[in-house]
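This is what each chain is made of:
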Amino acid sequence: MTAYDIIQAKKRGKALSKEQISAFARMVAEDSASDAQIAAFCMAVCLRGMTDEETFLLTQAMADSGERLSPPAAGVFADKHSTGGVSDSTTLVLVPVLASLGVKCAKYSGRGLGHTGGTLDKLESFKGFNVNLTAEQFSSHVERIGAAIAGQTKSTVPADKRMYAVRDVTATVDSIPLIASSVMSKKLASFAQVILLDVKYGDGAFMKTARAAEKLARLMVAVGTASGRQVEAAVTDMSAPLGDNIGCNAEVREVIEVLRGKKNNLARLSLLHCERILRMAQGMEEKRAKALAEEAIASGAALEKLRRIVSAQGGDTAAFDDLEALPLASGKFVVRAPKSGKLHIYAQALGRACAQLGGGRQREGEEIDHTVAILLKRRAGDAVAKGEEIAEIRYRERRQEAFDLAQSAFEVKPSYRARPLVHCILGKEDL
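About the cut-offs
Residues numbered from 1 in each chain as written. Predicted model: local features only at pLDDT ≥ 70, side-chain atom pairs only at ≥ 80, totals over all residues. Heavy atoms only, no water. Buried < 20%, exposed > 50% of the residue type's maximum accessible area, 1.4 Å probe, protein only. Helix = DSSP H or I, 4+ residues; strand = E, 2+ residues; numbered from the N terminus. Pairing = 2+ DSSP bridges. Right-handed = clockwise from strand over helix to strand, strands pointing away. Phe/Tyr/Trp six-rings, centres within 6.5 Å; stacked < 30°, edge-to-face > 60°.

K.L.:
Explain the pairing of strand β2 (residues 104-109) to me, please; I cannot follow it from the model alone.
P.N.:
Regular strands place their side chains on alternate faces of the sheet. Burial within β2 is extensive, with six of its six residues counted as buried. Of the two faces of β2, the one lined by K104, A106 and Y108 and the one lined by C105, K107 and S109 are each fully buried. Where strand β1 (residues 77-82) meets β2, two bridges bridge the pair, whose relative direction is parallel. Bridge assignment links A78 to a residue of β2, and that residue is C105. Once you follow β1 into helix α5 (residues 90-100) and on to β2, the crossover reads as right-handed.

See the structure below:
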């Protein structure tokens, strides 16, 4: 059985067997399949699709391509994954809240690419923060502190690591079977029994419609449930940025502010996710879960837990006492409302503008300027007057094309129709 044979079968629309899928994942992990062959396989899947059974088998095969971690001790371990968006720092709010309430969080995260921000990049705003934990260090941090957030190691799901890198440059990222298997293979390789999936849809997401996001969410819940995990998926809106700040240092500042009590959509969605995980992990009622999550913030316990997580992974904790320890670039460009009316904000253009200014990546491996920021002064749906300041861009190097792109993200219209932050929540009973 060769990679050529497997690609040929999928190209012709045939359902692949367990043996074929396992063999291809092994070839990818062992570097015996070339990048060209991986690209051809991914494109064949994009064009021909996969059955739910094939997607399950691919997920298992990729999870088995490397080391599967075992729980370091008894207890409930949880994880949350977002399919990506703009100004979405829910992980950095959710993990310390849950850990302060006794739900241990074992979180493998990723880096930003294109218009989406990455949790690992944001954590590196804390100087010295180590995202490259060994499997032993990862487990130890979860056990001792209640949480760890790190990047996947070379020994964790190597087949996915190679396949994702190829997908990113071959226009095959948005395949639902490939997204589902990539996300869930990393979850199955870890030891979290409780998994919440945040599946974004809208302008700033890979899934543009609620229908497509629901399809992806159901598939991932089905794969996780079939693998013996307790999984729910929230389909959430990403038509406008979730938080008020875009850019690494600015978003981490906002996380600290939220953990000090700031109220906005970032805080709201983070707390909703906390409630769902508390209900799954500890079987508590919605009202009780909500009260506990809010108290974890009000008491300062969650903020102190984030400080401990940062300190344990080598990060400088000065920002917890002074937000100026997370500096913003000195250059300022003000965006003003072109006319009076209701403000519309488009997430993807702002994410791309931030990346063009150096605050994100346009190619894998690029360095990020953590000080670049786009600060929203008004939110989508607000009534604004002509000439009113609606955003401030902080930059090191002036790039007019980025400013023009950012300005295009703001439109003022006579009316605004708000979409609910959470479209729906799906569990195994919805399969």
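K.L.:
How should I be thinking about the packing of aromatic side chains in this particular structure?
P.N.:
Given two aromatic rings, one states the distance between the centres and the angle between the planes to describe the pair. In total, this model carries seven aromatic pairs according to the counting rule given. Considering the side-chain rings of F77 and F191, the 5.1 Å spacing of their centres and the 80° angle between planes classify their relative orientation as edge-to-face. Here F77, found in strand β1, pairs with F191, found in the loop between α9 (176-189) and β4 (194-201); they are 114 residues apart in sequence, far enough to count as distant. For the pair F138 and F191, a centre-to-centre distance of 6.0 Å together with 55° between the ring planes defines the contact as tilted. Here the residue F138 occupies a position in helix α7 (residues 135-145), and F191 occupies one in the loop between α9 and β4, the gap between them amounting to 53 residues. Here the aromatic residues F77, Y108, F138 and F191 are joined through ring pairs into a cluster of three or more.

K.L.:
Would you explain the pairing of strand β9 (residues 373-376) in this entry?
P.N.:
The alternating pattern of β9 places A373 and L375 on one face and I374 and L376 on the opposite face, and all of these are buried. Across two bridges, the pairing between strand β6 (residues 245-246) and β9 is antiparallel. If you follow N245 over to β9, its bridge partner there is L375.

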